[in-house]
Amino acid sequence: MFRNYLKVALRNLWRNKAFSAINIIGLALGLAICFLISLFVIDELSYDKFNLNADRIFRVDADFNVNGTQFNASTTPPSMASILVNEHPQIENAIRIKSNGKILVKKGNGTLSEDNCFYADNALFDVFTLPMIAGDPKSALSQSHSLVISENIAKKYFNTLDVIGKTMHLDNATDYKITGVIANTPPQSHLHFDFIKSVNELPDRNLTDWSNVSYITYVLARPGVTQNEVDNCLKQATKKYAEPVLLRDMHSSFSEIEKNGGHFRFVTIPLTKIHLYSTLTDEQEPSGNSEYVYIFTVIAIFILLIACINFVNLSTARSAGRAREVGVRKVLGSNKAQLIRQFLIESIVTSCLAVIIAIIVVILLLPYFNDLSGKQFGLGRLINVWSIPALILIIVTIGILAGLYPAFFLSGFQPIKVLKGRLAVGFKGSMLRDSLVVFQFATVIILIVGALVIHKQLSYISNKKLGYNRDQVLILKNTSTLVPNAKNFLNDVKRMTGIESGTMTSCLPSLANNYTQVFGKDAAFSKDQTMALATWSVDEDYIPTLGIHIAEGRNFSKEMLTDSSAVILNETAAKMLGFQQPLNKFIYGPGGVPFHIVGVAKDFNAGSLHNKIPPLVLKNSLDNGAMAFRVETKNLPILISEIRTLFHTKYANMAGQPFNYSFMDDEYDHLYRSEQNMGRIFISFSFFSILIACLGLLGLLTYAAEQRIKEIAVRKVLGASVTNLIILISNDFLKLIGIAALISFPIAWWGMNRWLQDFAYRTSISWWIFVAAGLLAASVAMITVSYQALKAALANPVKSLKTE
């Protein structure tokens, strides 16, 4: 029996080629989009779950708000880990890690720059699942200048994994003995370890002062211990060890801070939530965004629904063509159950063909999707032990869900009425079909509005005046390797043709800078007169090089010897400190060290527009972490080549060292990489949703025109113009699109308004966006409608009236 059902299904699909093609292509596109989004969503949700104890590992984050100054970071005091383990039985283990930033690694006669280097406690391998290929995990990091490397690094520098006992020369200074080789960290990890040094060589590892927050702490809770219990342990430890520090430095207790609406606390975040839910700016690697995962999941579901709706609409719309078939089958003895099985088999066959085409589409689109999402998905992610069962389940599920209503609808025809021609079925009179068309185009319009709002926000970000000039600024990184010749190198570059000015600092507004320092309005650090302010070390050329404007006072000056203890506040800091006339006033650092205010800089955006402008203090002190030069665009490649040559040749210790540079506008754009990717994905999905919806519309119009062919012929004979006939056929669909627009506009406004709330500085949702989205959807639909309507209107009425 099944063989007969299958044969009949294939014959029906072949007989109705246009209907079959529209259904299969629509379903295939919807499934392809679902498959691609599923790859992205599953990847994002799987971060850090490779750790065997992932459900018991938490990271400790700092969350301070003192006198109106907010500070959030992933760092904690050096002694926190040992205190939690020794004083709180709920904690099984705790470890510290600290980023070493970029390092220089000697290879032959040259030197390479590497990332992913960390200091860590020896218990790292007891907390994280980092399989050790060679070496002893219990002692690999127990000694200073011991080094654990990844499998990739071992092969890169030694072409073998047999490296235990060998040495690596790092940062042009120290030989490290390799004591372990670990398997490569999976891509789905918020940390990737290539080089791990022992924390024992850091001088501040044993500091007990909780004013120093410089280590990342992870805790492993005992089985059955909840996150709330771990947070309570932190609360007790913070009360015991941090409150005395606050009383000493700021003369404030926890209760006094809380009375003023602030807080001083350390909180936990589960390991598996760090990638998607952490919003900290000092993450070691770019984070994901849980909202985007939810949004893309909903989009995938709705696009698949649009494709399934096409199937339902077209199946019920062509019911007139199959009514006689159903009548004949019933007269010959077929019961309703058999007919339902027949139609469901047709639906499942359609689904099967759609899945096959969808897989081909996914393979073709995968490189483009990788570029959009910033991922590196390969075909291996699609082919695994679960692939075949999953595809069978998808085929059957989609086939049944899409075919269930048409199967019951078609099998319910009464044979006597059908064979006598009294059954009025087809395009007209279906409230359900109209509702589904409205749903389709409402979804399309919501996606278009989303794409337009995202594009508008990204344009706002690109064009917003930030308070500094990021154009034509060349950044040289890791210039600390030039010490003690960094200042000489800076001056040599500034004398080159094409260099307008230059500054040396590691604090640039296009990068994340979390360093803060406590300042008070009096040397005694009176209560309510102290606050933690973002503090950047800059030189006298910093402000002119970056085009920052001085609102009051002056810039730092070489001629003013007293400027060694001078500071410049931004407008936000001056306001928070309560100065009406800040010039020549003093603020005091820890220990009562005085700094006199020589100027107030206009506020400028430091970091991402997701965050408000922080209160900022610019200190006149040398910081050789990086250099920035304002350059002329003429002959820029030649200028960069000259700087590289100077870097490698004039200073002997730079021979063979990596020369790293970037441009500030590129660094700024990098802050919004996820938003840019989301915008491009939204635009792509909007295109596919319109395409799928219009395929369905084309099918519906085809059957509508076929059913009204005699009516159109009669109207044409009686003098109706082609324009009148196009309006006649198109009118019903335009009404449905208008209803879809009215339903979709408030939903789209609500969703995009929520998305914009993540930005401290954002664009508005203009009325023209909704008009443009509605017109675009209507225009594309009208092109589809007009083509089919024109075809019907131009048909020869004599041939139409001769039929039957």
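Residues numbered from 1 in each chain as written. Predicted model: local features only at pLDDT ≥ 70, side-chain atom pairs only at ≥ 80, totals over all residues. Heavy atoms only, no water.

**Q** Looking at this model, I keep getting lost on the overall build of the chain. Mind explaining?
**A** Along the backbone of the chain there are 25 helices and 24 strands. In the chain, buried positions account for 51% of the 804 residues. Sequence-distant contacts, at least 24 apart, represent 79% of the contacts inside the chain between residues at least 6 apart. (Helix = DSSP H or I, 4+ residues; strand = E, 2+ residues; numbered from the N terminus. Buried < 20%, exposed > 50% of the residue type's maximum accessible area, 1.4 Å probe, protein only. Contact = heavy atoms within 4.5 Å.)

**Q** I would appreciate a short explanation of the sheet that holds strand β24 (residues 661-663) in the present structure.
**A** Strand-to-strand pairing in sheets goes through backbone hydrogen bonds, with the strands running parallel or antiparallel. If you trace the four strands from one edge of the open sheet to the other, you get β15-β23-β14-β24, paired in antiparallel fashion. Since the sheet does not close on itself, it has two edges, and those belong to β15 (499-504) and β24, each with one partner. Each strand axis lies, on average, 20° off the axis of its neighbour in the sheet, ignoring direction. Of the strand pairs in this sheet, strand β14 (residues 473-477) and β24 are connected by three bridges, and their pairing is antiparallel. Counted as the bridge partner of isoleucine 475 is serine 662 from β24. In the packing of helix α16 (residues 486-494) onto the sheet, contacts are made with β14, β15 and β23 (626-631), and the angle to β15 comes to roughly 165°. (Pairing = 2+ DSSP bridges. Axes fitted to C-alpha atoms, helices over the stretch in contact; angles between N-to-C directions.)

**Q** Looking at this model, I keep getting lost on the nonpolar core. Mind explaining?
**A** Across soluble globular proteins, nonpolar side chains show a tendency to be buried alongside one another. Counting 110 residues, the largest nonpolar core has Phe296, Val449, Trp536 and Phe685 as the members making the most contacts within it. The leading source of residues in this core is helix α2 (residues 17-45), at 16 residues. Core analysis: the second largest hydrophobic core is formed by 28 residues, Ala62, Val219, Ala221 and Phe264 among them. (Core = buried A, V, L, I, M, F, W, Y, C linked by side-chain atoms within 4.5 Å.)

**Q** How should the pattern of salt bridges be read in this particular structure?
**A** Any two side chains of opposite charge can pair, so long as their charged atoms come close to each other. Scanning all chains against the criterion turns up 17 salt bridges. Put simply, lysine 558 and glutamate 540 hold a salt bridge, and the shortest N to O gap is 3.8 Å. In this pair, lysine 558 sits in the loop between β18 (550-553) and β19 (566-570) while glutamate 540 sits in the loop between β17 (530-538) and α17 (542-546), placing the two residues 18 residues apart along the sequence. Glutamate 540 sits in the buried class, given a relative accessible area of 15%. (Salt bridge = Lys/Arg side-chain N within 4 Å of Asp/Glu carboxyl O.)

**Q** Is there a simple way to think about the packing of aromatic side chains in this case?
**A** In this description, an aromatic ring pair is defined by two values, namely the gap between the centres and the angle between the planes. The final tally for this structure, using the stated rule, is 20 aromatic pairs. Judged by centre distance (3.9 Å) and plane angle (5°), the ring pair of phenylalanine 64 and phenylalanine 264 falls under stacked. Of the two residues, phenylalanine 64 sits in strand β1 (residues 57-66) while phenylalanine 264 sits in strand β13 (residues 263-270), which places them 200 residues apart along the sequence. In this structure phenylalanine 64 comes out as buried when scored by relative accessible area, which is 10%. Looking at phenylalanine 264, the relative accessible area reads 15%, which means it is buried. Arranged with centres 6.3 Å apart and planes meeting at 80°, the rings of tyrosine 468 and phenylalanine 604 form a pair that is edge-to-face. Separated by 136 residues along the polypeptide, tyrosine 468 in the loop between α15 (431-463) and β14 and phenylalanine 604 in the loop between β21 (594-601) and β22 (616-620) bring together distant segments of the chain. By way of ring pairs, the aromatic residues Phe64, Trp210, Tyr241, Phe264 and Phe266 are connected into one cluster. (Phe/Tyr/Trp six-rings, centres within 6.5 Å; stacked < 30°, edge-to-face > 60°.)

**Q** Can you walk me through a nonpolar patch on the surface in this structure?
**A** Among the surface-exposed residues, Ile388, Ile392, Val396, Ile400 and Leu404 lie close enough to one another that they form a single nonpolar patch of about 410 Å² accessible area. In this fold, leucine 404 is placed in helix α13 (residues 387-411). (Patch = residues over 30% accessible without salt bridge, like charges linked within 9 Å, V, L, I, M, F, W, Y side chains within 5 Å. Areas by Shrake-Rupley, 256 points an atom, 1.4 Å probe, with all protein chains shown as cover.)

**Q** Mind showing me how you'd approach the environment of leucine 39 here?
**A** Along the polypeptide, leucine 39 turns up in helix α2. Separated by 338 residues in the primary sequence, leucine 39 and phenylalanine 377 have C-alpha atoms spaced 7.8 Å apart.

**Q** Sorry, what's going on with the confidence of the model for the chain here?
**A** Low pLDDT marks regions whose predicted coordinates should not be analysed in detail. Looking at the chain as a whole, its pLDDT mean stands at 82, while 86% of the residues score no less than 70. When the elements of the chain are averaged for pLDDT, helix α14 (residues 415-419) gives the smallest value, 56, and strand β12 (residues 216-221) the largest, 95. (pLDDT = per-residue confidence, 0-100.)

**Q** I would appreciate a short explanation of unusual backbone geometry in the present structure.
**A** Working note: non-glycine residues mostly have negative phi, and peptide bonds are mostly trans. Phi at aspartate 48 takes a positive value of approximately 70°, unusual for a residue other than glycine. As for its placement among the helices and strands, aspartate 48 is situated in the loop between α2 and β1. Of note in this structure, histidine 145 is not a glycine but carries a positive phi near 60°. In this structure, histidine 145 sits in the loop between β7 (132-135) and β8 (146-150).

**Q** Looking at this structure, how should I read the packing of helix α3 (residues 80-87) against helix α6 (residues 227-241)?
**A** A pair of packed helices is characterised by two quantities: the angle between their axes and the separation of those axes. It is the contact of α3 with α6, at a shortest axis distance of 11 Å, that shows an interaxial angle of 115°. Between α3 and α6 lies a crossing whose hand is right-handed. Together, Met80, Ile83, Leu84 and Glu87 of α3 and Cys233, Leu234, Ala237, Lys240 and Tyr241 of α6 make up the contact between the two elements. Its residues placed into classes, the contact of α3 with α6 shows seven nonpolar, no polar and two charged. (Left-handed = near helix turned anticlockwise from the far one by under 90°. Nonpolar A, V, L, I, M, F, W, Y, C, P; charged D, E, K, R; others polar.)

**Q** In this structure, what is going on with a positive patch on the surface? I would like to understand it.
**A** Judged by side-chain charge, Arg3, Lys7, Arg11 and Arg15 come together as a positively charged surface patch. Here lysine 7 lies in helix α1 (residues 2-15). (Lys, Arg positive; Asp, Glu negative; His and termini not counted. Charge placed at Lys NZ, Arg CZ, Asp CG, Glu CD.)

**Q** Where do I start with the pairing of strand β3 (residues 91-99) in this structure?
**A** As a general feature of sheets, a regular strand has side chains that alternate between the two faces. Bridge count for β3 against β12 is six bridges, and the pairing is antiparallel. Counterpart to asparagine 93 in the pairing with β12 is leucine 220. Pairing of β3 with strand β6 (residues 117-120) involves three bridges; the strand directions are antiparallel. What sits directly across from lysine 98, in β6, is tyrosine 119.

**Q** Any chance you could explain the side chain of threonine 75 here in plain terms?
**A** Positionally, threonine 75 belongs in the loop between β2 (69-73) and α3. Within the structure, threonine 75 has its side chain in polar contact with the backbone oxygen of valine 213 (distance 3.3 Å). Non-local contacts of threonine 75, meaning those with residues more than four positions away in its chain, are made with Ala62, Val213, Ser214, Tyr215, Ile216, Phe266 and Asp282. (Polar contact = N/O pair within 3.5 Å; in protein donor to acceptor, adjacent residues only side chain to side chain.)

**Q** So what exactly am I meant to see when it comes to the environment of valine 538 here?
**A** Looking at the element boundaries, valine 538 is found in strand β17. Since its relative accessible area comes to 0%, valine 538 is described here as buried. Once the C-alpha coordinates of valine 538 and threonine 505 are considered, the two residues, 33 residues apart in sequence, prove to be 5.6 Å apart. If we ignore the near neighbours within four places in the chain, the residues touching valine 538 are Thr505, Phe556, Leu618, Lys619, Asn620 and Ser621.

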